[in-house]
Amino acid sequence: MAAELPVPGHPCAARALCARGRHRLAMPFDERDRIVHPMRRRADGSGFDVISWDEAFAQIAERLLGIVDGHGPRALGMTLGVPSFDRYWAYRFMHALGSPNVYGADGACEVSRLTGWEHSLGYSPASDLAHTDCIMYLGRSIVDSSTMGAVDALNDARRRGAKIIVVDPRRSGSAALADRWLRVRPGCDLALLLGIAHVLIADGLYDHEFVTRYTTGFDELAQAARAWTPEWAESMCDVPAAEIVATARDLAVAAPAAVVDAGFHGGIGIAYANSTQTARAICLVDVLLGCIGHAGGALNPPIPLALDDLDPARFATPPVPRGPKLGSERYPLVDPVRGLCTTIGQSILAGDLRGLIVYASNPGAGYGNAQAWLSILQQLDLLVTIDILWSETARASDFVLPDVTYLEADRGVGTVTGANDARVFYRNAVLPVQHDDTRPGREIFAGLAQACGVGEYFQFTSDDLAAAQVA
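About the cut-offs
Residues numbered from 1 in each chain as written. Predicted model: local features only at pLDDT ≥ 70, side-chain atom pairs only at ≥ 80, totals over all residues. Heavy atoms only, no water. Pairing = 2+ DSSP bridges. Helix = DSSP H or I, 4+ residues; strand = E, 2+ residues; numbered from the N terminus. Contact = heavy atoms within 4.5 Å. Axes fitted to C-alpha atoms, helices over the stretch in contact; angles between N-to-C directions. Parallel < 35°, antiparallel > 145°, perpendicular 65-115°, else oblique. Left-handed = near helix turned anticlockwise from the far one by under 90°. Nonpolar A, V, L, I, M, F, W, Y, C, P; charged D, E, K, R; others polar. Salt bridge = Lys/Arg side-chain N within 4 Å of Asp/Glu carboxyl O. Buried < 20%, exposed > 50% of the residue type's maximum accessible area, 1.4 Å probe, protein only.

*Asks:* In this structure, what is going on with the sheet that holds strand β3 (residues 76-80)? I would like to understand it.
*Replies:* What holds strands together in a sheet is hydrogen bonding between their backbones, with the strands either parallel or antiparallel. What the 7 strands build is an open sheet, ordered β2-β1-β13-β12-β11-β3-β4; its pairing is mixed. Each having just a single partner strand, β2 (48-50) and β4 (102-103) make up the two edges of the open sheet. Bridge analysis of β3 against strand β11 (residues 355-359) gives 5 bridges, and the strand direction is parallel. Each residue of the ladder has a partner; that of M78, found in β11, is I357. Against the sheet, helix α3 (residues 87-97) makes contact with β3, β4 and β11, and its axis sits at roughly 170° relative to β3, the strand it touches most.

This is how it looks when you write it as structure tokens:
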């Protein structure tokens, strides 16, 4: 099947699709969990009834505007998932209603990690796997959850003789093929990193020239690091002290073509209260290794391509709300553009957030502590889910609106960053829409906008947007 082949030249392409990609090819034809009509929860809460799109738009708009009238636009929010391709329309809709409360996918899975890197280095670097002599992954398994290209690169590194170190409580697919598997106590990666830093400093294995030239505060660090002995680290993280010493020396011998990977979702992304400090500690070890910006180390990522926007002289554009997102006051170090999705629950409990639109996301299972989330979501005045399949959050919603899969609609212009470049692509539909009563997100938000009386901000086509973006 042509649809199963990777796109030639795409930076993430390889010889085949990963298991997740192959599975998603079946999603349009799902007969069990696919949402195929707009649905409204019955007044007695016993289930859902099918309604028309006109009814859905009118009834949701009435309740959205009621919240705005009673509590102001900041009482509305939206949370987006990774598959929310039509997020341009989503942001535009919320801005048209006057709400700044749009929380992106990063805010659900890795905002803590990104915050740690941005406040330590200014950006999150990319591991130069193609040229490294030693790489350490924390809570990340390339073999089990990445692109096939990344898996190929990991195998190529092993064949070259690069040493692979995996830190994970589980014996993941990557741990099974690693030269060293450090079975850390969950959430205690920070102690392991501090123990490695102690060895690098105490044994004089760090890059003296790099540290002297590019850093400040080393004397204070060295003083603090005296307490982070391998024995102390072992008592905290369960990794034997001898393994901590051996790991530090492996990294030092290979440096600067050695790197502790910057991390990803899950393991250190946002899972623990100390996830930000864990990211800062990774940066600390990489700086001691002198691998920042060095071949085989932690490279500066390519500058992402910035797409242009619609011309406001031709198309009415809603102003970006000036007020801060709900929750940003509690966590001032977090990038306010992303926002922190976990603050949604706090805002609901405080009575500040009354209406929530969930687009291609599932707080009721994907944000951690699912039972607490489902209980909190029940306290909203209005919960609307826009998705493809019935999720836990969809089943708890007042209204459920059926999206189309990524194979059934043009998804427009996007960018992708590879190891050495960034590119623009246009994603075309490869299948006709399988269910007549499903609609792409852009049409859903345009319909809601029209019903809410702000339709003037959606008088453009997807072709208009694509032309502006690539101009």
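*Asks:* Sorry if this is basic, but what is going on with the side chain of D387 here?
*Replies:* Relative to the helices and strands, D387 resides in strand β12 (residues 382-387). Sequence-distant contacts of D387, defined by excluding residues within four places in its chain, comprise I35, A360, S361, L401, P402 and D403.

*Asks:* Hey, could you run me through the sheet that holds strand β8 (residues 180-182) in this one?
*Replies:* In spatial order, the strands read β8-β7-β6-β9; together these 4 strands make up an open sheet with parallel pairing. Edge positions in the sheet fall to β8 and β9 (258-260), since each of these pairs with one other strand and no more. Strand-to-strand twist across the sheet, computed as the mean angle between neighbouring axes with direction ignored, equals 10°. Note: strand β7 (residues 163-167) against β8, 3 bridges, orientation parallel. Counted as the bridge partner of V166 is W181 from β8. Of the strands in this sheet, β6 (134-138), β7, β8 and β9 touch helix α8 (residues 189-202), which is tilted by about 150° from β6. Each of β6, β7, β8 and β9 is contacted by helix α12 (residues 241-254), which is oriented at about 130° to β8, the strand it contacts most.

*Asks:* Help me understand the packing of α8 against helix α13 (residues 275-289), please; the structure alone is not making it clear to me.
*Replies:* Helix packing geometry: the angle between the two helix axes and the distance between the axes. Viewed as axis vectors pointing N to C, α8 and α13 meet at an angle of 20°, and their least axial separation amounts to 9 Å. When the axes of α8 and α13 are compared, the pair comes out roughly parallel. Every pair of crossing elements has a handedness; the one defined by α8 and α13 is left-handed. Touching D189, L190, L193, I196, A197, L200 and I201 of α8 are Q277, T278, A281, I282, L284, V285, L288 and L289, all from α13. Classifying every residue of the contact of α8 with α13 by side-chain character gives 12 nonpolar, 2 polar and 1 charged.

*Asks:* How do you make sense of the pattern of salt bridges when you look at a structure like this?
*Replies:* Between side chains of opposite charge, a pair can form when the charged atoms approach closely. For the structure shown, the criterion picks out 17 salt bridges. Salt-bridge contacts for R160 lead to D133; the nearest nitrogen and oxygen are separated by 4.0 Å. Placement of R160 in helix α6 (residues 148-160) and of D133 in the loop between β5 (126-127) and β6 is noted, with a sequence separation of 27 residues between them. Residue class for D133 comes out partly exposed when judged on its relative accessible area of 38%. For the salt bridge of D381 with R354, the shortest nitrogen-to-oxygen distance reads 3.5 Å. Highlighted residues: D381 in the loop between α16 (370-377) and β12 and R354 in the loop between α14 (343-349) and β11, separated in sequence by 27 residues. On the basis of relative accessibility, which here comes to 35%, the residue D381 falls in the partly exposed class. Each of K163, R180, E243 and D250 takes part in a single network of salt bridges with overlapping partners.

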